[in-house]
Amino acid sequence: MDINFSDDFLVKGKFSIKKASTQYKGKLTKEEGEQLLIQEKEKLRELQERLYSDGSKSLLVVLQAMDAAGKDSMIEHVFGGVNPQGCNVTSFKTPSSREYAHDFLWRHYLALPQKGMIGIFNRSHYESVLVCKVHPEYNLNEKTWKSVKDFDDKFWENRYESIRNFEKHLTGNGTTIVKIFLHVSKDEQKKRFLDRINEQEKNWKFSAADLPERAVFEKYMECYEEAINETSKDGAPWFVLPADDKWFARVAAIQIIIDALEKMNLKYPKLSEEDKAGLEEAKKQLESEK
């Protein structure tokens, strides 16, 4: 099955969130997509092993989405086959008092993948220009600002610039960044919330705190559009995936990640002549054992 969606959802030029579909409208069936995902997971596993053995580069996958868009299940289904020793997942919650005592990027630096590793940010540094833009009073916890009036256009321009510089620094030092926005519709979010309430085994997933955020869904869409336009650069592009169909979002995401790894031109380490001779000697010793 020779299908690749990775280029279809790359943000190119001016991005309009209203024009970005939340539904997959192609010909691939769910059954075909699930089979394709199995095949791609094997390819990802081999590339992750090569990344680990090469040890000169790292991959950072940034996942952003509204509640119930499928971030957690995507991580499970896309990365479920890789070696856990070579992959770290960080889920960023509300900052702690210690984290608020530093600049807004500090905690994200601490979670970056080392060379040879894949790092996954489940939510990320973008929360500072998303949830904190919808609720600007949250920024007062940084204790640098006196009033919400301080959060003017210049403030947000500085935040975007900080993020661009942060990502430029990472890409200039061996980290490839893939940023994925799972674009779910408000109707689909409602359906998934109701599923969490109606199905007992899913009750734990629902939080009453999700409803106030849903009430400002359109405001979040505006913030996502602006953040994507401000920060989708050649070195750290955004991909906007239709997420109403989870199976399709997973297939598209794994192909994007595989493409990013393949472009690294990763190599298994080559042994020196001395090391090769050592292997031959070890082989002889093992084969001579009785």
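Everything quoted here is computed from the prediction, not taken from an experiment. (Residues numbered from 1 in each chain as written. Predicted model: local features only at pLDDT ≥ 70, side-chain atom pairs only at ≥ 80, totals over all residues. Heavy atoms only, no water.)

Considerations on the nonpolar core
Here is step 1: Judged by nonpolar contacts, the single largest core of 80 residues is most densely connected at Leu-44, Leu-59, Phe-79, Leu-182, Leu-241 and Leu-261.
Here is step 2: If one sorts the elements of this core by residue count, helix 10 (residues 246–262) sits on top with 12 residues.
Here is step 3: Filtering out sequence-adjacent residues up to four positions away, Leu-182 remains in contact with Gln-64, Ala-65, Ala-69, Gly-70, Lys-71, Met-74, Leu-241, Ala-243 and Ala-249. (Core = buried A, V, L, I, M, F, W, Y, C linked by side-chain atoms within 4.5 Å. Buried < 20%, exposed > 50% of the residue type's maximum accessible area, 1.4 Å probe, protein only. Helix = DSSP H or I, 4+ residues; strand = E, 2+ residues; numbered from the N terminus. Contact = heavy atoms within 4.5 Å.)

A short note on a negative patch on the surface
Here is step 1: Together, Asp-150, Asp-152, Asp-153, Glu-157 and Glu-161 make up a negatively charged patch on the protein surface.
Here is step 2: As for its placement among the helices and strands, Asp-152 is situated in the loop between helix 5 (131–134) and helix 6 (153–171).
Here is step 3: What makes Asp-152 partly exposed here is its relative accessible area of 40%. (Patch = residues over 30% accessible without salt bridge, like charges linked within 9 Å, V, L, I, M, F, W, Y side chains within 5 Å. Areas by Shrake-Rupley, 256 points an atom, 1.4 Å probe, with all protein chains shown as cover. Salt bridge = Lys/Arg side-chain N within 4 Å of Asp/Glu carboxyl O. Lys, Arg positive; Asp, Glu negative; His and termini not counted. Charge placed at Lys NZ, Arg CZ, Asp CG, Glu CD.)

Here's the deal with the packing of helix 1 (residues 30–54) against helix 10
Here is step 1: Viewed as axis vectors pointing N to C, helix 1 and helix 10 meet at an angle of 30°, and their least axial separation amounts to 9 Å. Taken together, helix 1 and helix 10 sit at an angle that is classed as roughly parallel. Considering only the axes of helix 1 and helix 10, their crossing is left-handed. Every residue of helix 10 that contacts helix 1 at Lys-30, Gly-33, Leu-36, Leu-37, Glu-40, Lys-41, Lys-43, Leu-44, Leu-47 and Leu-51 is listed here: Trp-247, Arg-250, Val-251, Ile-254, Gln-255, Ile-257, Ile-258, Leu-261 and Glu-262. (Axes fitted to C-alpha atoms, helices over the stretch in contact; angles between N-to-C directions. Parallel < 35°, antiparallel > 145°, perpendicular 65-115°, else oblique. Left-handed = near helix turned anticlockwise from the far one by under 90°.)

Focus on the UniProt feature "domain: Polyphosphate kinase-2-related" (unreviewed entry) in the protein
Here is step 1: This chain's UniProt record puts "domain: Polyphosphate kinase-2-related" (unreviewed entry) on residues 28–266.
Here is step 2: Measuring from the first to the last C-alpha atom of residues 28–266 gives 31 Å, for a span that is 49% helix and 13% strand. (UniProt positions renumbered as here; feature names shortened; annotations may be inferred.)

Re the pattern of salt bridges
Here is step 1: Within the structure shown, the criterion is met by 17 salt bridges.
Here is step 2: Between Glu-99 and Arg-107 there is a salt bridge whose closest N-O contact spans 3.4 Å.
Here is step 3: Classification of Arg-107 as buried rests on a relative accessible area of 11%.
Here is step 4: In this structure, Arg-123 and Glu-127 form a salt bridge, with 3.7 Å as the shortest nitrogen-oxygen distance.
Here is step 5: Arg-123 gets classed as buried once you look at its relative accessible area, which sits at 18%.
Here is step 6: It is possible to trace a salt-bridge network through shared partners that takes in Glu-42, Arg-45 and Glu-49.

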